[in-house]
Amino acid sequence: MATGSVTLQPITADLDLEVTNVALFPANPYLTDFVDVEIARGHLSVAGHISIQLEGEKPSGGFKGKVQLSELKVVESDLGQSLAELTSLQLNGIEAELNPMSIKVAGITVVNPRATILVNEDGTINFLNALRVDQKDPSKEEVEEEPKSEKQPEVEPSVEPTGLNIPFPISIGSITLENAGAVLTDRSISPTVNLGLETLSGTISGLSSEELARADLDLRGTLIGGTQMAITGKIN
């Protein structure tokens, strides 16, 4: 449901939006044009305020609100094998602007995310296959020998930036994981290896595309078999 005002000349919109539990699987025909992935189940809910102005050369406006995915399960298109699922994914305190473009999210909470990772006999990985990523082994490809050239002057190494190469700023106040888990099966070696993360919970805070290295980690979990683990510190 959307309530508010819309004008056609100039084109503007000022709307309060509330959408609840919209089924996601009807989007599968669009997904399969690009990836070998289907949504087996899942629902989308959105609540917030949208403002758009199409005056001048660039549109302006934005969205403020929250988005939630619930009971999501994603599978491979061909075999129907599970890739990932979760109970809920909540994005709270979203502030998205069009001009200049920027995205801020106060907090993301992910409840019961699960992933199934499979390394096949030929070394390919199910997730990358589903995303149609080329997994050729570069070491097995013929490499043409480059012609020898005169010695070039030494160049001082450049300092790598701490941010990501994203054309507009993105910041996330915190990501909270609740009871995450994953299973890895490696069939490329014999005997087959099975590893698993039984549970992982905690927070990642202070994420920013401009200063990624300042994000703080505080994650704790248990591997299948009972081994305890903890990940704390800063992303570097």
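The preceding data block contains the structure.
Before going into details, it helps to say that this report is about the structure given with it.

Let's talk about a nonpolar patch on the surface
Part 1 of the reasoning: A grouping of Ile11, Ile52, Leu54, Leu98 and Met101 is seen on the molecular surface, where their side chains present a nonpolar patch of about 390 Å² in accessible area.
Part 2 of the reasoning: Relative to the assigned elements, Ile52 resides in strand S3 (residues 37–53).

Here's the deal with the pattern of salt bridges
Part 1 of the reasoning: Taken as a whole, this structure holds four salt bridges when the rule is applied.
Part 2 of the reasoning: Two residues, Asp36 and Arg132, come together in a salt bridge whose shortest N-O distance is 2.9 Å. Here Asp36 is found in the loop between helix H1 (28–31) and S3, whereas its partner Arg132 is found in the loop between helix H2 (126–130) and strand S8 (170–186), with 96 residues between them in sequence.
Part 3 of the reasoning: Relative accessible area serves as the criterion here: at 24%, Asp36 is assigned to the partly exposed category.
Part 4 of the reasoning: Residue Arg132 is classed as partly exposed on the basis of its relative accessible area of 40%.
Part 5 of the reasoning: The residue Arg41 makes a salt bridge to Glu85 at a minimum N-O spacing of 3.2 Å. Here the residue Arg41 occupies a position in strand S3, and Glu85 occupies one in strand S5 (residues 82–98), the gap between them amounting to 44 residues.
Part 6 of the reasoning: Of the residues examined, Glu85 reaches a relative accessible area of 28% and is grouped as partly exposed.

Calculation notes
Residues numbered from 1 in each chain as written. Predicted model: local features only at pLDDT ≥ 70, side-chain atom pairs only at ≥ 80, totals over all residues. Heavy atoms only, no water. Patch = residues over 30% accessible without salt bridge, like charges linked within 9 Å, V, L, I, M, F, W, Y side chains within 5 Å. Areas by Shrake-Rupley, 256 points an atom, 1.4 Å probe, with all protein chains shown as cover. Salt bridge = Lys/Arg side-chain N within 4 Å of Asp/Glu carboxyl O. Helix = DSSP H or I, 4+ residues; strand = E, 2+ residues; numbered from the N terminus. Buried < 20%, exposed > 50% of the residue type's maximum accessible area, 1.4 Å probe, protein only.

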